[in-house]
Amino acid sequence: MDFKTQLIHGGINQDQATGAVSVPIYQTSTFAQKELGGHPSFEYSRTGNPTRLAVENLIADLENGTAGFAFASGSAAIHTAFSLFSAGDHIIVGNDVYGGTFRLINTILTRLGLEFTAVDTRNLTAVAKSIKANTKAIYLETPTNPLMHISDIAALSQLAKHNQLLMIVDNTFASPYFQQPLNLGADLVLHSASKYLGGHSDLIAGLIVVKDAKLAEQIGYLQNAIGGILGPQDSWLLQRGIKTLAVRMEAHQQNALKIFEFLQKDSRITKIYYPGDPQAADYQLVKKQMTGFGGMLSFEIDRKLSVKKFIEKLRLITLAESLGSVESLIEVPAIMTHGSIPEQLRLAHGISNELIRLSVGIEAVEDLLADLKQALDQAKN
Ligand SMILES: *Cc1c(COP(=O)(O)O)cnc(C)c1O
């Protein structure tokens, strides 16, 4: 089945009980049991709920896994994935991961005895050199946020397999429409479904997909035991959002490409980070492992201009955290999404105080271009 058809017909696309074409919201905590000591499909909604199962089966299909798991947030999904490990285990983590992941690692998981080494996962040799006797996993994002660094999922998965490590990929930025890490050899893929999968800035949710049966059993156990599950209403909203992923991602990409071309021609733009930039060092790798460039780009404006004025003069493009939604959102990572990273570390990674991240929406691109232009014109100090 083609991916676009899977989006509509994957998971449970019809209610078994009534034939309802839209999966019903099973707003219930518990399920009546027919016999004592039986094994019903559903017992208690933390353990399993039919509406949640529908979205879990859908994402499993889309990532070409065998089992999907839905959580109350991307962060809850990430915490559950890290709960596979025990005190004394070592994990290699990309050095440009989401700020909240960085915070979870540094203020909570290290306190519980997990060890981490942050590595530029674009550098295979550096990753290989960081493997120790107690290393259990490689964890990364690609493209990264906000610098759009690209890591070679297939090569790193091979390295992981060779050393009996789990390969974990946060696939939030690309979405399964443009990148399918399990097909490239990863063991576990996770999402902040609050972004492209939900797609409408109306939902916080997280997802995990795995292929291996034993790993599926472990994640299922942790999901139930830790309990950070997605409720039935939000599960319904998420599967509804996912149905239009293909048309949205195509529109995000078309607009982003046009905005990239506009920014490239404007002399006031001094730097652009965009996976679809043919001049970028990562471009061949992007072409190899992704089927599109996505809708995210970051850029810097001439330091003679004011970032604050530029942002505040925008009329259509909204100043807000988050990304991957139908409306265009803009932010300054140093002050907003990446504010919790110590400044020295942040600057060393290339996230300058002037860096601007744009999540390109699906509005008419002429309106977005006009908005960017008028704000740039008024951004003089
Ligand atoms: C937003 C985000 C997260 C965290 O997800 P929440 O749903 O906000 O908890 C994790 N990884 C990436 C790449 C993100 O963009």
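Bear in mind the structure is a predicted one, so any value in this text is a computation, not a measurement. Sequence order sets the numbering: in each chain, residues are counted from 1 along the sequence as written. Owing to the predicted nature of the model, reporting of local features is limited to residues with pLDDT of at least 70; listing and counting of side-chain atom pairs is limited to 80 or more, with chain, interface and lining totals taken over all residues. Values shown for side chains rest on all heavy atoms present in the structure; no hydrogens or waters enter the calculation.

**Comments concerning the overall build of the protein chain**
Part 1 of the argument: Regarding its fold elements, the protein chain presents 14 helices and twelve strands.
Part 2 of the argument: Each principal axis of the C-alpha atoms in the protein chain carries an extent, and together these give about 75 × 50 × 35 Å.
Part 3 of the argument: Per-residue burial over the protein chain gives 54% buried out of 381 residues.
Part 4 of the argument: In this analysis, two residues are considered to be in contact whenever any of their non-hydrogen atoms come within 4.5 Å of each other. Across the protein chain, contacts joining residues at least 24 apart in sequence account for 72% of those joining residues at least 6 apart.
Part 5 of the argument: Carbon and sulfur atoms make up 52% of the accessible area of the protein chain, which amounts to about 16700 Å² in all. The helix and strand labels rest on DSSP assignments: H or I over at least four residues marks a helix, E over at least two residues marks a strand, and numbering proceeds from the N terminus. Only protein chains enter the calculation, and the probe is 1.4 Å; a residue is then buried if its accessible area is under 20% of its type maximum, exposed if over 50%, and partly exposed in between. Surface accessibility follows the Shrake-Rupley procedure with a 1.4 Å probe radius. Residue values consider only the protein chains on display as shielding.

**A short note on the site of the ligand**
Part 1 of the argument: Being near a molecule or strand, for a residue, means having at least one of its heavy atoms within 4 Å of it. Within the structure, the ligand sits among 13 residues, and S75, D170, S192, S194 and K195 are positioned closest to it.
Part 2 of the argument: In protein, a polar contact means a hydrogen-donor-capable atom and an acceptor-capable atom, both N or O and within 3.5 Å, with residues adjacent in sequence counting only if both atoms are side-chain atoms; elsewhere, any N or O pair within 3.5 Å suffices. Between the ligand and K195, the relevant distance is 2.7 Å, taken from an oxygen atom to a side-chain nitrogen or oxygen of the residue.
Part 3 of the argument: When isolated, the ligand has an accessible area of 380 Å², and the protein chains bury 93% of it.
Part 4 of the argument: With three residues, helix α3 (residues 74-82) is the single largest residue contributor to the shell around the ligand.
Part 5 of the argument: For the shell around the ligand, the residue count by class is four nonpolar, six polar and three charged. Gly falls in the polar group here, along with every residue not listed as nonpolar (Ala, Val, Leu, Ile, Met, Phe, Trp, Tyr, Cys, Pro) or charged (Asp, Glu, Lys, Arg).

**What to know about the pairing of strand β5 (residues 166-170)**
Part 1 of the argument: With four of its five residues buried, β5 lies for the most part within the structure.
Part 2 of the argument: The pairing criterion is simple: DSSP has to find at least two bridges between the two strands. Where strand β4 (residues 135-141) meets β5, five bridges bridge the pair, whose relative direction is parallel. Following the sheet pairing, A137 is matched in β5 by L166.
Part 3 of the argument: Orient the strands so they point away from the viewer, and a crossover whose first-strand-to-second-strand path over the helix runs clockwise is right-handed. Note that the unit made of β4, helix α6 (residues 153-162) and β5 has a crossover that is right-handed.
Part 4 of the argument: Relative to strand β6 (residues 188-192), β5 is paired through three bridges, and the arrangement is parallel. Within the sheet, the bridge partner assigned to V169 lies in β6 and is V189.

**Here we look at unusual backbone geometry**
Leave glycine aside and you will find that most residues have negative phi; peptide bonds, for their part, are mostly trans.
Part 1 of the argument: Look at the link from T142 to P143: it is a cis peptide, with omega at -5°.
Part 2 of the argument: Mapped onto the fold, P143 is located in the loop between β4 and α6.
Part 3 of the argument: Between N145 and the following residue, P146, the backbone shows a cis peptide bond with an omega angle of 10°.
Part 4 of the argument: Tracing the backbone shows P146 in the loop between β4 and α6.
Part 5 of the argument: A positive phi angle, close to 55°, is found at N64, a residue other than glycine.
Part 6 of the argument: You can see N64 is positioned in the loop between α2 (50-62) and β1 (67-71).
Part 7 of the argument: With a phi close to 60°, M148 is a non-glycine residue in the positive phi region.
Part 8 of the argument: The topology assignment puts M148 in the loop between β4 and α6.
Part 9 of the argument: Since its relative accessible area comes to 4%, M148 is described here as buried.

**Topic: the packing of α3 against helix α4 (residues 99-109)**
Part 1 of the argument: What counts as an axis is a line fitted to C-alpha atoms, over the stretch in contact for a helix, and the angles between N-to-C directions run from 0 to 180 degrees. At a closest axis distance of 11 Å, the pairing of α3 and α4 adopts a crossing angle of 50°. The angle between α3 and α4 places the two elements in the oblique class. Here α3 and α4 pass one another in a crossing that is right-handed. Here I78, H79 and F82 of α3 come into contact with α4, specifically with T101, L104, I105 and L109. We call two directions roughly parallel when the angle between them is under 35 degrees, roughly antiparallel when it is over 145, roughly perpendicular when it lies between 65 and 115, and oblique otherwise. In a left-handed crossing the near helix is turned counterclockwise from the far helix by less than a right angle, and in a right-handed crossing that turn is clockwise.

**Some details on the nonpolar core**
Inside soluble globular proteins, nonpolar side chains tend to come together where they are buried.
Part 1 of the argument: With 68 residues, the main nonpolar core has L238, I259, F299, I301, F310, I330 and L358 as its most contacted residues.
Part 2 of the argument: Looking at which element gives the most residues to this core, the answer is helix α10 (residues 245-265), with eight residues.
Part 3 of the argument: Reported domain spans reflect what an automatic or database domain assignment gives. Counting contributing residues, this core receives three or more from each of domain 1 (3-243) and domain 2 (246-377).
Part 4 of the argument: With near-sequence residues (within four places) excluded, I330 lies in contact with F299, F310, I311, L314, I317, T318, L319, A320, I356, R357 and L358. Here, nonpolar core refers to any group of buried Ala, Val, Leu, Ile, Met, Phe, Trp, Tyr and Cys residues whose side-chain atoms link them within 4.5 Å.

**Observations concerning the pattern of salt bridges**
Part 1 of the argument: We count a salt bridge whenever a side-chain nitrogen from Lys or Arg sits within 4 Å of a carboxyl oxygen from Asp or Glu. According to the stated counting rule, one finds 14 salt bridges in the structure shown.
Part 2 of the argument: The closest approach of N and O atoms between K132 and E115, which form a salt bridge, is 3.3 Å. Of this pair, K132 sits in the loop between α5 (124-130) and β4 while E115 sits in strand β3 (residues 115-119), and the two are 17 residues apart along the sequence.
Part 3 of the argument: Take K132: its relative accessible area is 42%, and that puts it in the partly exposed class.
Part 4 of the argument: On the accessibility criterion, E115 (31% relative accessible area) is partly exposed.

**Focus on the domain arrangement of the protein chain**
Part 1 of the argument: Considered domain by domain, the protein chain is made up of domain 1 (3-243) and domain 2 (246-377).
Part 2 of the argument: Its C-alpha centre places domain 1 at a distance of 26 Å from the equivalent point of domain 2.
Part 3 of the argument: Here's the idea: put two parts together, see how much 1.4 Å probe accessible area each one loses, and the total over both is what we call buried area. Buried area between domain 1 and domain 2, both sides added, is near 3200 Å², and the carbon and sulfur share of it is 61%.
Part 4 of the argument: Broken down residue by residue, the surface that domain 1 buries against domain 2 is led by L147, F178 and Y196, which jointly contribute 26%.
Part 5 of the argument: Our enumeration of links across domain 1 and domain 2 arrives at one salt bridge.
Part 6 of the argument: A salt bridge links D152 to K288; its shortest N-O distance comes to 3.2 Å.

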